[in-house]
Amino acid sequence: MPEVSSNPQRPKGDLAGPGCTPAVAGGADPRARQTLFRTAVACSLALCAVLAWPIVAGHVYVADDLGQFHLPARAFYAHCLAAGHDFDWWPQLY
């Protein structure tokens, strides 16, 4: 029976494990890597544009805690400051 080594020698510079293709290991041609990079950048920009669209359109996100508590609290505080009233007590809170 042939002897099996627990640490087989790999060729120098072979960073890919068994079963990895050169494209996965970073050995892809520069044109494919550039295309992959450009695709990733385009997808990232598209996602950012979709998420930023309400701000660009001038809308305010009013769901969840922002619309139920924080925006009314800011409006109450701004009204008290403008009128010169004390803002220690907020009767509409509960």
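What you see is a predicted model; the values in this text were computed from it and never measured.

Rules and cut-offs
Residues numbered from 1 in each chain as written. Predicted model: local features only at pLDDT ≥ 70, side-chain atom pairs only at ≥ 80, totals over all residues. Heavy atoms only, no water. Helix = DSSP H or I, 4+ residues; strand = E, 2+ residues; numbered from the N terminus. Expected span 1.5 Å × (residues − 1). Bend = angle between axes of the 7 residues up to and from the residue. Patch = residues over 30% accessible without salt bridge, like charges linked within 9 Å, V, L, I, M, F, W, Y side chains within 5 Å. Areas by Shrake-Rupley, 256 points an atom, 1.4 Å probe, with all protein chains shown as cover. Salt bridge = Lys/Arg side-chain N within 4 Å of Asp/Glu carboxyl O. Buried < 20%, exposed > 50% of the residue type's maximum accessible area, 1.4 Å probe, protein only. Phe/Tyr/Trp six-rings, centres within 6.5 Å; stacked < 30°, edge-to-face > 60°. Contact = heavy atoms within 4.5 Å.

A. Broad picture of helix α1 (residues 30-56). For α1, spanning 27 residues, the distance from its first C-alpha to its last is 36 Å, which sits close to the expected 39 Å at 1.5 Å a residue. Considering bend angle alone, the principal kink of α1 is centred on valine 50 and spans about 35°; proline proline 54 follows within four residues of it. Of the residues flanking the end of α1, it is glycine 58, one or two places downstream, whose phi is positive at about 85°.

B. Fine view of helix α2 (residues 64-83). Under the 1.5 Å per step criterion, the end-to-end length of α2 is 29 Å for 20 residues, consistent within 8% with the ideal 28 Å. Histidine 70 marks where α2 bends most, by close to 30°; the proline proline 72 follows one to four residues later. Positive backbone phi, at 80°, marks glycine 84, one or two positions downstream of α2.

C. Fine view of a nonpolar patch on the surface. Side chains of Val60, Tyr61, Val62 and Leu66 sit close together on the surface and give an oily, nonpolar patch of about 390 Å² of accessible area. By the secondary structure assignment, tyrosine 61 is in the loop between α1 and α2. Taking the relative accessible area as the measure of exposure, tyrosine 61 reaches 53% and is therefore exposed.

D. Highlighting the packing of aromatic side chains. Enumeration according to the criterion identifies three aromatic pairs in this entry. A ring pair is formed by tyrosine 77 and phenylalanine 87, whose centres lie 4.7 Å apart and whose planes are at 80°; its orientation type is edge-to-face. Here phenylalanine 87 lies in the segment after α2 and tyrosine 77 lies in helix α2, a separation of ten residues in the sequence. Of the aromatic side chains, those joined through ring pairs into one cluster are Phe69, Phe76 and Trp90.

E. Looking closely at the environment of leucine 71. As for its placement among the helices and strands, leucine 71 is situated in helix α2. On the basis of relative accessible area, leucine 71 is assigned to the partly exposed category, the value being 26%. It is 9.9 Å that separates the C-alpha atoms of leucine 71 and valine 60, two residues lying eleven residues apart in sequence. Once residues within four sequence positions are removed from consideration, leucine 71 is found in contact with Val60, Tyr61, Val62 and Leu66.

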